[in-house]
Amino acid sequence: MEQIVAREKIVLNEKTILVTGGAGFIGSHLCKRLVEDGHHVLCVDNFYTGRRSNIVGLISDPYFEVMRHDICFPLFIEVDEIYNLACPASPIHYQSDPVQTIKTAVHGAINMLGLAKRLKIKILQASTSEVYGDPAVHPQPESYWGHVNPIGIRSCYDEGKRCAETLFFDYHRQHNLKIKVARIFNTYGPNMHPNDGRVVSNFIMQALKGEDITVFGDGNQTRSFCYVDDLVDGLMRLMNSPDEFTGPVNLGNPAEFPILELAQQVIELTGSKSEIVLQPLPSDDPKQRQPDISLAAEKLKWKPEVNLQDGLKKTIEYFETIRERI
């Protein structure tokens, strides 16, 4: 009781906050941060890709509640803010059931926007850098409309998120709804699913197992990797920014690395004897991905603080602790 009272004293604007996809990789970190800040958090997840192990440390906290629910169906609750993070976000997961992926992105957005409209509250959409597709502009500013294949194997996610952005801005224009849209670039850190097919988790798991590290293409395609703590800080700054700033705003680390260099760093940090093996590049895989974060720097006073090496060390430590349970 003393801990709860102390927490209440330091929170001036305590809220009840809904986080959809709250048991997922990013969602679980966001839930933890919001609870630490003294807010009541309702985590909603259908556990398709979210995992209970990600939120096990929060279950006993009286400020945290979890509900098993698929946001493709309406939700009738009372909250003060919504972070809409629910949607499979890695290619291996969103391509395994592409119809369900686009339903989650579109129907889920409609249901959460409807809830926010009824309650007259602010809602944040976790969009993605995938809305830029295989970009013809580098780095990518928010003003760039993208270069997306609408019928490719990645389009269930790419176009689903693009449609969700459309819905958010139409609700804003038509119903004066308070919205925030974040375009999230490659993010990594503890609580990543070990088998999600993303490049960081793939490389670390392969290195820890002593397997060949699979690099697609020639390895010269680039990505920008943002540590999850930095990303969560950006999401919260966006949610708490003035109502007139809706976004979309890029959130990611502008430090650009070739995939081959990432593989070499993982081998070095794990002390692995893994060899790097090149394989053909998947369909519609972007050659470059780097955010222009000047808007986030100006409006949110935000920039990433954790460099890639330090973030990889923390992520490797996490995967080492869960490896025996996989």
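Residues numbered from 1 in each chain as written. Predicted model: local features only at pLDDT ≥ 70, side-chain atom pairs only at ≥ 80, totals over all residues. Heavy atoms only, no water.

A.B. asks: Where do I start with the nonpolar core in this structure?
C.D. replies: The nonpolar side chains of soluble globular proteins are, as a tendency, buried together. Counting 63 residues, the largest nonpolar core has Y83, V200, F203, F225, L235 and L262 as its most contacted members. By size, the runner-up hydrophobic cluster in this structure holds 26 residues, among which are L42, I82, V106 and F169. (Core = buried A, V, L, I, M, F, W, Y, C linked by side-chain atoms within 4.5 Å. Buried < 20%, exposed > 50% of the residue type's maximum accessible area, 1.4 Å probe, protein only.)

A.B. asks: In this structure, what is going on with the packing of helix α6 (residues 199–209) against helix α10 (residues 308–322)? I would like to understand it.
C.D. replies: To describe two helices that pack against each other, one gives the angle between their axes and the distance between the axes. At their nearest, the axes of α6 and α10 sit 10 Å apart, and the two run at 60 degrees to each other. The angle between α6 and α10 falls in the class oblique. Helix-helix and strand crossings are classified by hand; for α6 and α10 the assignment is right-handed. Of the residues in α10, those touching α6 at V200, S201, I204, M205 and L208 are L312, T315, I316, F319 and E320. Within the contact of α6 with α10, the residues separate by chemical class into 7 nonpolar, 2 polar and 1 charged. (Axes fitted to C-alpha atoms, helices over the stretch in contact; angles between N-to-C directions. Helix = DSSP H or I, 4+ residues; strand = E, 2+ residues; numbered from the N terminus. Parallel < 35°, antiparallel > 145°, perpendicular 65-115°, else oblique. Left-handed = near helix turned anticlockwise from the far one by under 90°. Contact = heavy atoms within 4.5 Å. Nonpolar A, V, L, I, M, F, W, Y, C, P; charged D, E, K, R; others polar.)

A.B. asks: Just to check I follow, could you spell out the side chain of S201 for this structure?
C.D. replies: Note that S201 resides in helix α6. For S201, a relative accessible area of 0% translates into the label buried. A distance of 3.1 Å separates the side chain of S201 from the backbone oxygen of R198, its partner in a polar contact. Discounting residues that sit within four places of it in the chain, S201 has contacts with M192, H193, P194, D196 and F319. (Polar contact = N/O pair within 3.5 Å; in protein donor to acceptor, adjacent residues only side chain to side chain.)

A.B. asks: When you look at the packing of aromatic side chains in this model, what are you seeing that I'm missing?
C.D. replies: For any two aromatic rings, the description comes down to two numbers: the centre-to-centre distance and the angle of the planes. All chains considered together, the criterion is met by 4 aromatic pairs. A ring pair is formed by Y132 and Y144, whose centres lie 6.0 Å apart and whose planes are at 20 degrees; its orientation type is stacked. Here Y132, found in the loop between β5 (122–128) and α5 (155–175), pairs with Y144, found in the loop between β5 and α5; they are 12 residues apart in sequence, far enough to count as distant. With a centroid separation of 6.1 Å and an interplanar angle of 40 degrees, the aromatic rings of Y132 and F185 are classed as tilted. A residue pair is termed long-range when its members are at least 10 positions apart, and Y132 in the loop between β5 and α5 and F185 in the loop between β6 (179–184) and β7 (187–188) qualify at 53 residues. Neither residue differs from the other here; Y132 and F185 are each classed as buried. Pairwise contacts between aromatic rings join Y132, Y144 and F185 into one cluster. (Phe/Tyr/Trp six-rings, centres within 6.5 Å; stacked < 30°, edge-to-face > 60°.)

A.B. asks: Any chance you could explain the state of the cysteines here in plain terms?
C.D. replies: A covalent bond bridging the sulfur atoms of two cysteines is what the word disulfide describes. In this structure the tally under the stated criterion is 0 disulfides. Of the cysteine sulfurs around C226, a residue in no disulfide, the closest is that of C31, at 18 Å. (Disulfide = S-S within 2.5 Å.)

A.B. asks: Which parts of the structure should I look at to understand unusual backbone geometry?
C.D. replies: Across the chain, the bulk of peptide bonds are trans and the bulk of non-glycine residues have phi less than zero. Residue P139 is reached from H138 by a cis peptide bond, and omega for that bond is -10 degrees. Relative to the elements of secondary structure, P139 occurs in the loop between β5 and α5. In this structure, P248 follows G247 across a cis peptide bond, with omega equal to 5 degrees. If you trace the backbone, P248 turns up in the loop between α7 (228–239) and β11 (249–251). Non-glycine residue K120 carries a positive phi angle of around 60 degrees. By secondary structure assignment, the location of K120 is in the loop between α4 (98–119) and β5. In this structure K120 comes out as exposed when scored by relative accessible area, which is 68%. Residue N191 is not a glycine yet carries a positive backbone phi of 80 degrees. For N191, the location among the structural elements is in the loop between β7 and α6.

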